[in-house]
Amino acid sequence: ITSHSNRYSCQIQDTSSASVQYAVSLFPVMNFKKFSLAMISSRASVSQDVKRIARIIESPECKSILVLTGAGISCASGIPDFRSPGGMYDTLKPDLITATSSQRKLMEMDPSFVVEKSMFFQNAFPYLEVRRPFILGTQELKWKATIAHRFIELLHTKTAKLTRHYTQNIDGLISQCAELPSKKTVDVHGTTCEVCCENCGADVDFSDFCNEVRSKIKDIYRQDNNAPTESSPIQCKACRKATVKPKTVLFGSCLPDEFFSCCQQDLENADLLIVAGTSLVVSPANSLVYNVNENCKRVVVNTEKVGEELGIVYNGDETNRDIFAQGSCDEIFLELADALGWMDELQLAVEKLPKPSRDLLEMKIESKTKLEQGHGGK
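Keep in mind it's a predicted model, so treat the numbers as computed, not measured.

Side note on the packing of aromatic side chains
Phase 1 of the analysis: Tallying each qualifying case throughout the model produces eight aromatic pairs.
Phase 2 of the analysis: Taking the centre distance of 6.2 Å and the plane angle of 90° together, the rings of Phe120 and Phe121 count as edge-to-face.
Phase 3 of the analysis: Phe120 sits in the buried class, given a relative accessible area of 1%.
Phase 4 of the analysis: Ring pairs connect the aromatic residues Phe120, Phe121 and Tyr127, which therefore count as one cluster.

Observations concerning the confidence of the model for the protein chain
Phase 1 of the analysis: Residues of the protein chain with pLDDT of at least 70 account for 85%, and the chain-wide mean is 88.
Phase 2 of the analysis: Scored below 50 in pLDDT, residues 1–41 makes 37 contacts in the model with residues more than four places away or belonging to other chains.

Remarks on the packing of helix 6 (residues 147–159) against helix 10 (residues 329–339)
Packed helices, taken two at a time, are described by the angle their axes make and the gap between the axes.
Phase 1 of the analysis: Packing of helix 6 against helix 10 brings their axes to within 8 Å, and their N-to-C directions diverge by 35°. Note that helix 6 runs across helix 10; the crossing there is left-handed. Taken together, the residues of helix 10 that come into contact with helix 6 (itself represented by Ile147, Ala148 and Phe151) are Cys329, Asp330, Phe333, Leu334, Leu336 and Ala337.

Quick notes on the sheet that holds strand 5 (residues 185–187)
Phase 1 of the analysis: The strand order across the open sheet formed by six strands is 5-4-3-9-10-11, and the pairing between neighbours is parallel. Edge strands, defined here as strands with exactly one partner in the open sheet, are strand 5 and strand 11 (322–326). Between one strand axis and the next, the sheet turns through 15° on average, direction left out of account.
Phase 2 of the analysis: Here strand 10 (residues 297–302) pairs with strand 11 via five bridges, running parallel. Across the sheet, Val301 pairs through a bridge with Ala325, a residue of strand 11.
Phase 3 of the analysis: The strands touched by helix 8 (residues 257–266) are strand 3 (65–69), strand 4 (162–167) and strand 5; relative to strand 4, the strand with the most contacts, the crossing angle is about 145°.

Quick notes on unusual backbone geometry
Phase 1 of the analysis: Put simply, Ser283 and Pro284 share a cis peptide bond, and its omega is 5°.
Phase 2 of the analysis: One can find Pro284 in the loop between strand 9 (272–276) and helix 9 (287–291).
Phase 3 of the analysis: The residue Leu141 is not glycine, and still its phi comes out positive at about 55°.
Phase 4 of the analysis: The topology assignment puts Leu141 in the loop between helix 5 (125–139) and helix 6.
Phase 5 of the analysis: Overall, Leu141 belongs to the exposed group, its relative accessible area being 57%.
Phase 6 of the analysis: Positive phi, normally seen in glycine, also occurs at Ala160, with a value near 60°.
Phase 7 of the analysis: Along the chain, the position of Ala160 falls in the loop between helix 6 and strand 4.
Phase 8 of the analysis: Using a relative accessible area of 64% as the deciding quantity, one classes Ala160 as exposed.

Structural notes on helix 7 (residues 206–216)
In an α-helix there are 3.6 residues to a turn, and that puts residues three or four apart on one side.
Phase 1 of the analysis: Along helix 7, the residues that are buried comprise Phe206, Phe209, Cys210 and Val213. The buried residues of helix 7 occupy one face: seen down the axis, they fall within an arc of 100°.

Concerning the pattern of salt bridges
Phase 1 of the analysis: A full pass over the atoms with the stated rule returns 15 salt bridges.
Phase 2 of the analysis: The salt bridge involving Asp322 is made with Arg298; its shortest N-O contact spans 2.7 Å. Placement of Asp322 in strand 11 and of Arg298 in strand 10 is noted, with a sequence separation of 24 residues between them.
Phase 3 of the analysis: Between Glu366 and Lys370 there is a salt bridge, with its nearest N and O atoms 3.2 Å apart. Here Lys370 and Glu366 lie together in helix 12 (residues 355–376), a separation of four residues that amounts to about one turn.

Section: the packing of helix 5 against helix 7
Phase 1 of the analysis: For the pair helix 5 and helix 7, interaxial distance at closest approach is 10 Å and the crossing angle is 130°. The pairing of helix 5 with helix 7 is recorded here as oblique in orientation. Between helix 5 and helix 7 lies a crossing whose hand is left-handed. Across the interface between the two elements, Leu128, Arg132, Ile135, Leu136, Thr138 and Gln139 from helix 5 touch Phe206, Ser207, Phe209, Cys210, Asn211, Val213 and Arg214 from helix 7.
Phase 2 of the analysis: Split into classes, the residues belonging to the contact of helix 5 with helix 7 amount to seven nonpolar, four polar and two charged.

Here's the deal with the nonpolar core
Across soluble globular proteins, nonpolar side chains show a tendency to be buried alongside one another.
Phase 1 of the analysis: In this structure, Ile57, Phe151, Leu155, Ile274, Val301, Phe333 and Leu336 are the most contacted members of the largest nonpolar core, which totals 40 residues.
Phase 2 of the analysis: When contributions to this core are tallied by element, the ones reaching two or more residues are helix 2 (30–58), strand 3, helix 6, strand 9, strand 10, strand 11, helix 10 and helix 11 (343–347).
Phase 3 of the analysis: The residues touching Val301, leaving out its near neighbours within four places in the chain, are Ile274, Val275, Ala276, Gly277, Ala325, Cys329, Ile332 and Phe333.

Thresholds, definitions, all that
Residues numbered from 1 in each chain as written. Predicted model: local features only at pLDDT ≥ 70, side-chain atom pairs only at ≥ 80, totals over all residues. Heavy atoms only, no water. Phe/Tyr/Trp six-rings, centres within 6.5 Å; stacked < 30°, edge-to-face > 60°. Buried < 20%, exposed > 50% of the residue type's maximum accessible area, 1.4 Å probe, protein only. pLDDT = per-residue confidence, 0-100. Contact = heavy atoms within 4.5 Å. Axes fitted to C-alpha atoms, helices over the stretch in contact; angles between N-to-C directions. Helix = DSSP H or I, 4+ residues; strand = E, 2+ residues; numbered from the N terminus. Left-handed = near helix turned anticlockwise from the far one by under 90°. Pairing = 2+ DSSP bridges. Arc of directions from axis to C-beta. Salt bridge = Lys/Arg side-chain N within 4 Å of Asp/Glu carboxyl O. Parallel < 35°, antiparallel > 145°, perpendicular 65-115°, else oblique. Nonpolar A, V, L, I, M, F, W, Y, C, P; charged D, E, K, R; others polar. Core = buried A, V, L, I, M, F, W, Y, C linked by side-chain atoms within 4.5 Å.

Structure below.
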């Protein structure tokens, strides 16, 4: 136990009940002591789960690993969340959007009409105006890949066992992980990093598209003083329709063929499925959970239990195929990287991480250094 600036931290190597109770007894504040046993016991349980996951990854029997990710792996990047309270849909103001009165009423009833296929073909401005800062921020590399993204990259480079990473995110942050081949990732719901015409399918240069968004699409958030006051169409040079947008899947559209073909190839032979930062409520992406073979181990990395209705069992039994590592994605994957001996490789990316991820990694390094120095002095 170390004390600094009236804050206390505890490193427990022996997680037996007696050791945990002894560690808690050393804290001088009785009220803190009252609540610490459950807290530390919970973290000790997570530590055991992480060690079990590490053993599975290192096992020679584990040859094929799949990863399914959601918005939770990008939280530390600070990227806007469209669906959660306070997100873009929650704070949407249709009266500011270039649209007819009937279209605004639809968006008032359900903000997801902004990304609905029939709406887009009638009027592309709601999509482009709502997503303008996200599109331009992506071009400017405003958001950085997190520890969770870097762990997926290491899973490939360190083990060669990563068969596929299925991501439901459209942020394209995984593309910043240069050592992860693009063929290893399936963008289930598309990506903002690539652009095409929704009408004819013609590809459009991303930089050229962003330049048009910057000069032709108004800023409903009033953050860009150089934005035009009114939006004007961005036309496809091939078909002349105003239907150019990032390659994200609109509501009412089909998922990419790649998703279904890769599932057909990957699921039968998977030995481990890691599910991270997703509520598992969106189909068909959540079908991976119940379509992997019955011998495939399933790991859930999340702040809360998800997927019980899909057959995931949370009983803590070591014989169970399902393992729950409770915590933020960055926290759990950092612990897992440590358990696997990958900290040196993770440190190489420290300057490329967003600040919350970088702070977390640096705290972990400092904690490990102090612990090692303490052991060396004995």
